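The chain contents come next:
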Amino acid sequence: EKYHLFDFWIGHWDVYKFGSDTLVGDSHIESIINGFGLLENYQAEGSQYAGKSLNKYNPAKEQWEQYWIDNSGLTLFLSGGISEGKMVLSDLEGGDPEKGFNKITWEKLDDHKVRQIWSISYDHGKTWSLVFDGEYRKKSVEK
């Protein structure tokens, strides 16, 4: 069951700036390895920016883990789990204070949508600044 807590993110999505009709990207999240992992493929709208993440539940550490890479050279290793109904992953435990600590939250919304909020902190998580606030809308909704 813990391996499927992030399944709400599976799908092919148009990604919008939250609360608007401004399209910012395309994201395809698929279940891989017999349901034991998720693979994300992200492509920004109107630019060459692209990235991928590999996500899985680690039973030895009882946490979710994400490894993100993109074509700007950014690499993130985030970990965490479900908190108040949201998936919350961060690098507070192993991040680089000079580059900042990252926290990304995914929340399942009504109407086949997911909200993703990415924040960064330069004071070990005392305060956070918004990097990205996106709304994933399913490209096709099965009825």
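The rules we used
Residues numbered from 1 in each chain as written. Predicted model: local features only at pLDDT ≥ 70, side-chain atom pairs only at ≥ 80, totals over all residues. Heavy atoms only, no water. Phe/Tyr/Trp six-rings, centres within 6.5 Å; stacked < 30°, edge-to-face > 60°. Helix = DSSP H or I, 4+ residues; strand = E, 2+ residues; numbered from the N terminus. Buried < 20%, exposed > 50% of the residue type's maximum accessible area, 1.4 Å probe, protein only. Lys NZ or Arg CZ within 6 Å of the ring centre and 35° of its normal. Pairing = 2+ DSSP bridges. Axes fitted to C-alpha atoms, helices over the stretch in contact; angles between N-to-C directions. Salt bridge = Lys/Arg side-chain N within 4 Å of Asp/Glu carboxyl O. Contact = heavy atoms within 4.5 Å.

Which residues make up the packing of aromatic side chains, and what values go with them?
Summed over the entire model, instances satisfying the criterion amount to 11 aromatic pairs. Arranged with centres 5.0 Å apart and planes meeting at 70°, the rings of F6 and W106 form a pair that is edge-to-face. Here W106 lies in strand 8 (residues 101-109) and F6 lies in the segment before strand 1 (11-17), a separation of 100 residues in the sequence. You'll find F6 and W106 in the same group, each marked buried. One aromatic cluster is present, formed by Y3, F6, F8, W9, W13, F36, Y57, W64, W106 and Y136 through successive ring pairs. Residue placement shows R115 over the ring face of F18; its charged tip is 3.5 Å from the ring centre.

Which residues make up the pairing of strand 4 (residues 50-58), and what are the values?
Successive side chains on a regular strand alternate, one facing one side of the sheet and the next facing the other. Where strand 3 (residues 37-44) lies against strand 4, seven bridges are found, and the strand directions are antiparallel. Bridge pairing links Q43 to A50 in strand 4. Taken together, strand 3 and the strand that follows it, strand 4, pair antiparallel across an intervening segment of five residues, in which G46 is found at a positive phi of about 75°. Strand direction decides the pairing type here: strand 4 and strand 5 (residues 63-70), joined by eight bridges, are antiparallel. Note on strand 5: the bridge partner recorded for K56 is E65. Connecting strand 4 to the next strand, strand 5, in antiparallel fashion are four residues, including E62 with a positive phi near 50°.

Tell me about the sheet that holds strand 9 (residues 113-121), and name the residues and values.
Strands sit in the order 1-2-3-4-5-6-7-8-9-10 around a closed barrel of 10 strands; the barrel is antiparallel. Across the sheet, the mean angle from the axis of one strand to that of its neighbour is 25°, orientation sign disregarded. Pairing analysis gives six bridges linking strand 1 to strand 2 (residues 23-32), with the strands arranged antiparallel. In the sheet register, Y16 faces strand 2, and the bridge partner there is L23.

Tell me what's going on with the pattern of salt bridges, and back it up with residues and numbers.
Enumeration over the complete set of coordinates arrives at seven salt bridges. A salt bridge links R115 to D133, with the shortest nitrogen-to-oxygen separation between them at 2.6 Å. With R115 in strand 9 and D133 in strand 10 (residues 129-138), this residue pair connects regions lying 18 residues apart in the sequence. Here the salt bridges do not stand alone but share partners, grouping D21, K113, E135 and R137 into one network.

Any details on the side chain of T105? Residues and values, ideally.
The topology assignment puts T105 in strand 8. Each residue touching T105, except ones within four places of it in the same chain, is listed here: K86, M87, V88, R115, Q116 and I117.

Talk me through the environment of K56; I want residue IDs and the actual numbers.
Structurally, K56 is set in strand 4. Given a relative accessible area of 36%, K56 falls into the partly exposed group. Between the C-alpha atoms of K56 and H4, which are 52 residues apart in sequence, the distance is 9.3 Å. Not counting the four nearest positions on each side in its chain, K56 is found in contact with F36, G37, Q63, W64 and E65.

Shape is all these values report; function is a separate question.
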